[in-house]
Amino acid sequence: MGSGFKAIPLIDIGPLVEKIDDPNMVNDADLLEVVRMLDDACKEAGFFYVKGHGITESLMKEVRDVTRKFFQLPYEEKLKIKMTPRSGYRGYQRIGENVTKGKPDMHEAIDCYTPIRPGKYGDLAKPMEGSNLWPENPSNFETLLENYINLCRDLSRKIMRGIALALGGAIDAFEGETAGDPFWVLRLIGYPVDIPEEQRTDTGCGAHTDYGLLTLVNQDDDICALEVQNRSGLVKWNLSIHAS
């Protein structure tokens, strides 16, 4: 995070999304302007809004809606995909089960990770071996989310290509042996409002920095609860998402 940024920049990444995979467009002025803005945003803020990303607003809303429908199911139904060590820590996580800095978070979630076949990475990755657990209800959940994941993965790859150029590296610096087989994480998070007083804390999710290279956020339109803070710790902004 930058030391004193005053606002989160909004970047129209349309030219990058459209042209970054075309070798003949590497020196395109519009693409290079996006690269410059990515460079500034990553250096000064560490966060940025994007538009022109190519994922339709209708799909983003459908993902939010189907996730909300799942969280509205009876607790016993949600437990059918309960997260366990046997599932490679994929699946449903009840309220307070996720802990940040020693404090239970007041949210429930479904955690999805890159499927890992047994032995692919040796003993190191053994706890994470497995496939994702998808609920039977809503019936379109798995198909919808797998399509959404594929689109987000491709968008992330294109943004990382822009960041590679911003760093002065090769366009594929984060591909091949470096990061060409990325471990992706998708967290679908719900924040219930009817938590009993004796179980409630004041934190939906504690302050943290994400691991990995890049995080994409698809947040409810009418809720701006995610906060961004600069290194001084004095300034915060509510973070929302910009559609295409």
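For the structure itself, look to the data block above.
Since this is a predicted model, take the numbers as computed values, not measurements.

Draft legend 1. Quick look at the packing of helix α2 (residues 29–44) against helix α5 (residues 141–166). Contact geometry of α2 with α5 gives a least axis separation of 8 Å together with a crossing angle of 80°. As far as their axial angle goes, α5 and α2 are roughly perpendicular. Between α2 and α5, the residues in contact are Leu31, Val35, Leu38, Asp39 and Cys42 and Ile159, Gly162, Ile163, Leu165 and Ala166, respectively. Of the residues belonging to the contact of α2 with α5, the class tally is eight nonpolar, one polar and one charged.

Draft legend 2. View of the sheet that holds strand β3 (residues 91–93). Ordered in space as β3-β6-β7, the three strands form an open sheet in which the pairing is antiparallel. Each edge of the open sheet carries a strand with a single partner, namely β3 and β7 (185–190). Ignoring strand direction, the axes of neighbouring strands in this sheet form an average angle of 20°. Examined bridge by bridge, strand β6 (residues 108–113) and β7 share six bridges and lie antiparallel to one another. Bridging across to β7, Ile110 finds its partner in Leu188.

Draft legend 3. Highlighting the side chain of Asn98. Considering the arrangement of structural elements, one finds Asn98 in the loop between β3 and β4 (99–100). When its relative accessible area of 18% is taken as the criterion, Asn98 is described as buried. Among the polar contacts made by the side chain of Asn98, one reaches the side chain of Asp105 at a distance of 2.8 Å. Excluding residues that lie within four positions of it along the chain, Asn98 makes contacts with Gln93, Lys103, Pro104, Asp105, His107 and Arg187.

Draft legend 4. The arrangement of α2 in detail. Helix length check: α2 (16 residues) gives 22 Å between terminal C-alpha atoms against 22 Å at 1.5 Å per residue, within 8%. Every buried residue of α2 is accounted for by Leu31, Val34, Val35, Leu38, Asp39 and Ala41. At its buried positions, α2 is contacted by β1 (10–12), α1 (14–19) and α5. N-cap assignment for α2: the residue whose side-chain oxygen lies 3.1 Å from the backbone N of Asp30 is Asp28. Looking at the residues trailing α2, positive phi occurs at Gly46, about 85°.

Draft legend 5. Structural detail: the pattern of salt bridges. As enumerated under the stated definition, the model contains 21 salt bridges in all. Here Lys78 makes a salt bridge to Glu108, at a shortest N to O gap of 3.0 Å. Of this pair, Lys78 sits in helix α4 (residues 75–78) while Glu108 sits in strand β6, and the two are 30 residues apart along the sequence. For the pair shown, Lys78 and Glu108 are each scored as buried. Here the salt bridges share partners, and the residues they tie into one network are Asp21, Asp154, Arg157, Lys158, Arg161 and Glu175.

Draft legend 6. Expanded view of the packing of helix α3 (residues 57–71) against α5. In the contact formed by α3 and α5, the axes pass within 10 Å of each other and the chain directions differ by 135°. As the angle between them shows, α3 and α5 are arranged oblique. Read as a crossing pair, α3 and α5 show a hand that is left-handed. Along its contact with α3, which presents Leu59, Met60, Glu62, Val63, Val66, Thr67 and Phe70, the element α5 presents Phe141, Leu144, Leu145, Asn147, Tyr148 and Leu151.

What counts as what
Residues numbered from 1 in each chain as written. Predicted model: local features only at pLDDT ≥ 70, side-chain atom pairs only at ≥ 80, totals over all residues. Heavy atoms only, no water. Axes fitted to C-alpha atoms, helices over the stretch in contact; angles between N-to-C directions. Helix = DSSP H or I, 4+ residues; strand = E, 2+ residues; numbered from the N terminus. Parallel < 35°, antiparallel > 145°, perpendicular 65-115°, else oblique. Contact = heavy atoms within 4.5 Å. Nonpolar A, V, L, I, M, F, W, Y, C, P; charged D, E, K, R; others polar. Pairing = 2+ DSSP bridges. Buried < 20%, exposed > 50% of the residue type's maximum accessible area, 1.4 Å probe, protein only. Polar contact = N/O pair within 3.5 Å; in protein donor to acceptor, adjacent residues only side chain to side chain. Expected span 1.5 Å × (residues − 1). Salt bridge = Lys/Arg side-chain N within 4 Å of Asp/Glu carboxyl O. Left-handed = near helix turned anticlockwise from the far one by under 90°.

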